[in-house]
Amino acid sequence: MIYHVRHQTILRYAAPMRLARFNLRLRPAPWAGQWTSDYALTVDPVPSTIASRPGAWPVHVARLVIESPIRQLTIESRFRIGVADSAPPEPQPDDPTIGAVAKAALVDRDMSASAPALYLYASTRAPLLAEIGDWVGDGLDPERPVVAAALALALRIRAEFAYDPGATDASTPVADAFAARHGVCQDFAHVMVVALRLAGLPAAYVSGYLRTDPPPGRPRLIGADAMHAWVMLWCGPTRGWIGFDPTNGCITGNGHLFVAMGRDYADVAPMDGLFVGGGGQSIQAMVDVVPEEEMA
């Protein structure tokens, strides 16, 4: 499957913004099972400098510096991406247990950006909350097969948490979203990451895109797609990293387009930084994920 992705963000300021430094994490990092080509980043007005570099995790970072007063900033990211046209992985009878994976993670000597050891412990946006462990109960018992148990957890989050875009924002602590049992994909991914790490499992937060299909008989809406978040779980040296989407209660497939992976949202936020002046600001984002065969 080949897709064309366009992600446009428009920032408007109530008063002139005099100086700004932004980090963008919009270019997909390399990941098994997908490739990216024809990446283009457009910024209007043109910033003083744009510098790109790989991040500490599987993430690409572009640093923008703006030194002239502006009232509006438009950022557009475009690329072509191919993903393996294969069925999502499924639980297998010989999958390792949760306990076996937890032990394997502690002795794994990999020190790369996707090393399981980097995703075992609490992080700023994913503290190890005891209440989440109590809620999981024996759902992540050490004797359970790891893939089946993680899928069951994703399904439980989907069933017990309400998707409510107005209930939380990017700064909402995971404890608040968990207590209220509502939120968006970011909140659900954080809950699942915390639960898995409490069981001793390497769990990472993933930012990417999800190909969505319109209702039968209806045209695809321009800009209807959005950035999405899910969880990557290291399932042992044989199974490796497998994606789980708690918002949709499934193992990720070829409609999930990987952009970046980190310990939590803070590591992979599409955009962050600081600015001087500007007063209040508003942000408008539009994302299109279009199969290549529809581009003709």
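Scroll up to find the structure.
Focus on the pattern of salt bridges
Item 1. Tallied over the full model, the rule gives nine salt bridges.
Item 2. Between Asp-272 and Arg-25 there is a salt bridge, with its nearest N and O atoms 3.0 Å apart. Here Arg-25 lies in the loop between β1 (2-24) and β2 (34-44) and Asp-272 lies in strand β13 (residues 271-277), a separation of 247 residues in the sequence.
Item 3. For Asp-272, a relative accessible area of 26% corresponds to the partly exposed category.
Item 4. A single network of salt bridges, built from pairs that share partners, joins Arg-6, Glu-76, Arg-78 and Asp-288.

A closer look at the side chain of Gln-34
Item 1. Tracing the sequence through the fold places Gln-34 in strand β2.
Item 2. Leaving out residues up to four positions away in the same chain, Gln-34 has contacts with Pro-28, Ala-29, Ile-81, Gly-82, Val-83, His-256, Leu-257 and Phe-258.

Notes on the pairing of strand β12 (residues 256-262)
Item 1. Counting buried positions along β12 gives seven out of seven residues, so the element sits mostly inside the fold.
Item 2. Sheet analysis places strand β8 (residues 203-210) next to β12, joined by six bridges and oriented antiparallel. If you follow Ser-207 over to β12, its bridge partner there is Ala-260.

Here we look at the environment of Val-289
Item 1. Mapped onto the fold, Val-289 is located in strand β14 (residues 281-291).
Item 2. Exposure remark for Val-289: the relative accessible area of 0% places this residue in the buried category.
Item 3. Taking the C-alpha atoms as reference points, Val-289 and Leu-106, 183 residues apart in sequence, are found 38 Å from one another.

Points about the packing of aromatic side chains
Item 1. Evaluation of the coordinates by the stated rule reveals twelve aromatic pairs.
Item 2. When the ring of Phe-79 is compared with that of Tyr-209, the centres are 6.1 Å apart and the planes differ by 50°; the resulting orientation is tilted. In this pair, Phe-79 sits in strand β5 (residues 70-83) while Tyr-209 sits in strand β8, placing the two residues 130 residues apart along the sequence.
Item 3. Taking relative accessible area as the criterion, Phe-79 reaches 3% and is therefore assigned buried.
Item 4. One aromatic cluster in this structure is built from Trp-135, Phe-161, Tyr-163, Phe-178 and Phe-188.
Item 5. If you follow Arg-156 out to its NZ or CZ, it ends over the ring of Trp-135, 4.2 Å from the centre.

Quick look at the sheet that holds strand β9 (residues 227-234)
Item 1. A sheet is described by the order of its strands in space; here five strands give the open sequence β11-β10-β9-β8-β12, paired in antiparallel fashion. The open sheet is flanked by β11 (250-251) and β12, the only strands paired with a single partner.
Item 2. As paired strands, β9 and strand β10 (residues 241-245) are joined by four bridges and run antiparallel to one another. From the neighbouring strand, Met-232 faces β10, where its bridge partner is Gly-243.

What to know about the state of the cysteines
Item 1. Taken as a whole, this structure holds zero disulfides when the rule is applied.
Item 2. Cys-235 carries a free sulfur, and the closest cysteine sulfur to it, the one in Cys-250, is 14 Å from it.
Item 3. Its relative accessible area of 0% is what places Cys-235 among the buried residues.
Item 4. This cysteine, Cys-250, is not joined by any disulfide, and Cys-185 carries the nearest cysteine sulfur, 12 Å off.
Item 5. When its relative accessible area of 23% is taken as the criterion, Cys-250 is described as partly exposed.

As for unusual backbone geometry
Item 1. Pro-45 follows Asp-44 through a cis peptide bond whose omega is 0°.
Item 2. Note on placement: Pro-45 falls in the loop between β2 and β3 (49-54).
Item 3. Although it is not a glycine, Arg-181 adopts a positive phi angle of roughly 60°.
Item 4. Tracing the chain through its elements places Arg-181 in the loop between α4 (174-180) and β7 (182-183).
Item 5. In this structure Arg-181 comes out as partly exposed when scored by relative accessible area, which is 28%.

As for helix α5 (residues 185-198)
Item 1. Taking 1.5 Å of rise per residue, the 14 residues of α5 would be expected to cover 20 Å, and the 20 Å separating its terminal C-alpha atoms lies within 8% of that figure.
Item 2. Within α5, 13 of the 14 residues are buried, leaving the element largely enclosed by the surrounding structure.
Item 3. Following α5 by one or two positions, Gly-200 adopts a phi angle in the positive range, close to 85°.

Describing the environment of Gly-133
Item 1. Note that Gly-133 resides in helix α2 (residues 130-136).
Item 2. Owing to a relative accessible area of 28%, Gly-133 belongs among the partly exposed residues under this scheme.

Rules and cut-offs
Residues numbered from 1 in each chain as written. Predicted model: local features only at pLDDT ≥ 70, side-chain atom pairs only at ≥ 80, totals over all residues. Heavy atoms only, no water. Salt bridge = Lys/Arg side-chain N within 4 Å of Asp/Glu carboxyl O. Helix = DSSP H or I, 4+ residues; strand = E, 2+ residues; numbered from the N terminus. Buried < 20%, exposed > 50% of the residue type's maximum accessible area, 1.4 Å probe, protein only. Contact = heavy atoms within 4.5 Å. Pairing = 2+ DSSP bridges. Phe/Tyr/Trp six-rings, centres within 6.5 Å; stacked < 30°, edge-to-face > 60°. Lys NZ or Arg CZ within 6 Å of the ring centre and 35° of its normal. Disulfide = S-S within 2.5 Å. Expected span 1.5 Å × (residues − 1).

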